[in-house]
2 protein chains.
Amino acid sequence: MKAILIYSGGLDSTTLLYEYKDEISLAVTFDYGAKHGAREIECAKYNCNKLGIKHLIIPLDFMGKYFRSNLLESGGEIPEGNYDEENMRSTVVPFRNGIMLAVAAGLAESYDLDTVLLANHSGDHSIYPDCRPSFIEAFDSATKEGTYNGVRVVSPYCNITKRDIALRGRELGIDYSKTYSCYKGGEVHCGCCGTCRERKEALEGFDPTVYEK
Amino acid sequence: MKAILIYSGGLDSTTLLYEYKDEISLAVTFDYGAKHGAREIECAKYNCNKLGIKHLIIPLDFMGKYFRSNLLESGGEIPEGNYDEENMRSTVVPFRNGIMLAVAAGLAESYDLDTVLLANHSGDHSIYPDCRPSFIEAFDSATKEGTYNGVRVVSPYCNITKRDIALRGRELGIDYSKTYSCYKGGEVHCGCCGTCRERKEALEGFDPTVYEK
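Sequence order sets the numbering: in each chain, residues are counted from 1 along the sequence as written. Just so you know, chain letters begin at A and ligand numbers begin at 1, following the order they were written in. pLDDT decides what is reported in this predicted model: residues at 70 or higher carry local features, side-chain atom pairs at 80 or more are listed and counted, and totals for whole chains, interfaces and linings draw on all residues regardless. Values shown for side chains rest on all heavy atoms present in the structure; no hydrogens or waters enter the calculation.

A few words on the packing of helix α6 (residues 162-172) of chain A against helix α7 (residues 194-202) of chain A. A pair of packed helices is captured by two measures, namely the crossing angle of their axes and the spacing between those axes. All names here are of chain A. Look at α6 against α7: their axes get within 8 Å of each other, and the N-to-C directions meet at 50°. Between α6 and α7, the interaxial angle falls into the category oblique. As α6 runs across α7, the sense of the crossing is right-handed. Contacts from K162, R163 and A166 of α6 reach α7 at E198, R199, E201 and A202. Side-chain classes follow a simple rule in which Ala, Val, Leu, Ile, Met, Phe, Trp, Tyr, Cys and Pro form the nonpolar group, Asp, Glu, Lys and Arg form the charged group, and the remainder, Gly included, forms the polar group. By residue class, the composition of the contact of α6 with α7 is two nonpolar, no polar and five charged. Each axis is a line fitted through C-alpha atoms, and for a helix only the stretch in contact is used; angles between axes span 0 to 180 degrees, taken between their N-to-C directions. Only DSSP runs of H or I reaching four residues or more are called helices, and only runs of E reaching two or more are called strands; each is numbered from the N terminus. In this scheme, roughly parallel covers angles under 35 degrees and roughly antiparallel covers those over 145, while 65 to 115 is roughly perpendicular and the rest are oblique. Here a crossing is called left-handed whenever its near helix is offset anticlockwise from the far helix by less than a right angle, and right-handed whenever the offset is clockwise. In what follows, residue pairs with any heavy atoms lying within 4.5 Å of each other are defined as contacts.

Structural data, given as structure tokens:
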């Protein structure tokens, strides 16, 4: 496998970066105008630099301009509450994974790579349609059919939880203080939004994060 | 059907624009650094304006920067010869349709539309993997699975030829002098590159195009 990783700088994709580092030739971070984008990108840069993995940052300004989502700078307030609650739905960025996977597939073919790695997990399924196994399977068919070298989509965490991912990362010795999750994008994790709550649960017992609350 | 059209300003997608004008709420043109991009975009603007259809132009600068293709400003020379010959393969932009479809699907969901229209045709199949029916079917599954409102991909010209499209456009009274095809991107169509040859064949008998040769 010669892979490109879709790498946000969050907990899940950082774990995937470390776990598959020997097979990842390129990591790509998309700057699509998320409130927490700048802080995630700093973490992504840090970890790629630490592992000596080539890293591209690709701006997708049109998403901040035209897409409807409270996750974006252009959107409304980030809701507080559990990650899997209906109110988190306002943070969905329409077809975000589809867009990132498509660009990554094009980059894979341009760089002679055969695989796109994505760190979606089972906890994402209820809210995000473009994190579900049925979506990943369909997109994998699309990249296989739509490229000369039959690029495949691989999502190793698709059927495990964020807690499982964090436990795997602990074994790998990952410093999770060098990852960022909070949807509000503050200097310190807020501790109240859906992703902060989810992060707390995942890292319980070995959490190096400073939370505001 | 409430549709968004992926609209280059070329012959095929201009025909689709006119044929489906009553169902198209939004047309989107991608500026991905193609040598002929600027001239196509002028045609796209003209036709959307004429029909009163909302038109977005979305820059995808990263493709010109990182993607490998002779179609791009950053690439080598455009080959001459027939459209279906092996040498045209250097003009393939990796997974371009995948990227455009993905962005259009996200826009569709943001604007409460249910369909993405794409003007790929049967003559594209041999060179471009992301124009084939198997790719379109897989991508349609991906957008259906990956969006809340189940966005679908529809490609009405998938199994007809460019000649069939042009004949349809003639019936619709389309002024094809307001479309642009030449991959070289000159002020006048070169008449020698693969797309110029294909255009000549399609418009034979009613071709308003000025060709250099």
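Next comes the rest of the account.
Moving on, we come to the side chain of H36 of chain A. By the element assignment, H36 of chain A lies in the loop between β2 (24-31) and α2 (37-51). Apart from the residues within four sequence positions on either side, H36 of chain A is in contact with L71, Y180, S181, C182, Y183 and G185 of chain A.

With 37 residues of chain B at the interface, the matching set in chain A holds 37 residues. Once two parts are joined, some of their accessible surface, as seen by a 1.4 Å probe, is lost; buried area is that loss totalled over both. Summing the contributions of chain B and of chain A, the shared interface buries around 3300 Å²; its carbon and sulfur component is 68%. Of all residues in chain B, the largest losses of buried area upon contact with chain A belong to Y66, F95 and Y148 of chain B, amounting jointly to 22% of the total for that side. We define a salt bridge as a contact between a side-chain nitrogen of Lys or Arg and a carboxyl oxygen of Asp or Glu at a distance within 4 Å. Summed over the shared surface of chain B and chain A, the result is two salt bridges. With its nearest N and O atoms 3.2 Å apart, the salt bridge here joins R68 of chain A to D112 of chain B. Here a polar contact is recorded for every N or O atom pair within 3.5 Å, except that within protein the pair must consist of a potential hydrogen donor and a potential acceptor, and residues adjacent in sequence are included only if both atoms are side-chain atoms. One can count 10 residue pairs in polar contact (both at pLDDT 80 or more) joining chain B with chain A. Residue assignment for the side of chain B that touches chain A shows that the elements contributing at least two residues are β3 (54-59), α3 (61-66), α4 (96-110) and α5 (133-146) of chain B. Here the side of chain B that touches chain A is composed, by residue class, of 23 nonpolar, eight polar and six charged.

Here the focus is the pairing of β2 of chain A. Successive residues of a regular strand alternate their side chains across the two faces of the sheet. Residue and element names in this part refer to chain A. The buried label applies to any residue whose accessible area, calculated with a 1.4 Å probe on protein chains only, is under 20% of its type's maximum; exposed applies above 50%, and partly exposed to all values in between. Within β2, six of the eight residues are buried, leaving the element largely enclosed by the surrounding structure. At least two DSSP bridges between two strands are required for those strands to pair. Judged from the four bridges that link them, strand β1 (residues 3-6) and β2 form a sheet pairing that is parallel. Looking across to β2, one finds that I4 is bridged to L26. With the strands aimed away from the viewer, a crossover counts as right-handed if its path from the first strand over the helix to the second runs clockwise. The parallel pair β1 and β2 is bridged by helix α1 (residues 11-19), and the resulting crossover is right-handed. Bridging between β2 and strand β3 (residues 54-59) involves six bridges; their strand directions are parallel. Note on β3: the bridge partner recorded for F30 is I58. Viewed along the sheet, the connection from β2 through α2 into β3 turns out right-handed.

Let's shift gears to the packing of aromatic side chains. Whether two aromatic rings pair depends on their centres lying within 6.5 Å, for rings of Phe, Tyr and Trp, where Trp uses its six-membered ring; planes under 30 degrees apart make the pair stacked, over 60 edge-to-face, and the rest tilted. Evaluation of the coordinates by the stated rule reveals nine aromatic pairs over all chains. A centroid spacing of 6.0 Å and a plane angle of 65° characterise the contact between F62 of chain B and F67 of chain B, whose relative ring orientation is edge-to-face. Take F62 of chain B: its relative accessible area is 5%, and that puts it in the buried class. Arranged with centres 5.6 Å apart and planes meeting at 50°, the rings of F135 of chain B and F139 of chain B form a pair that is tilted. Residue F135 of chain B and its partner F139 of chain B are both found in helix α5; the two are separated by four residues, about one turn of the helix. Just as F135 of chain B is buried, F139 of chain B falls in that class too. The residue whose ring lies beneath R89 of chain A is Y148 of chain B, and the NZ or CZ to ring-centre distance is 3.6 Å. Charge-over-ring placement is defined geometrically: NZ (Lys) or CZ (Arg) within 6 Å of the ring centre, and within 35 degrees of the ring normal.

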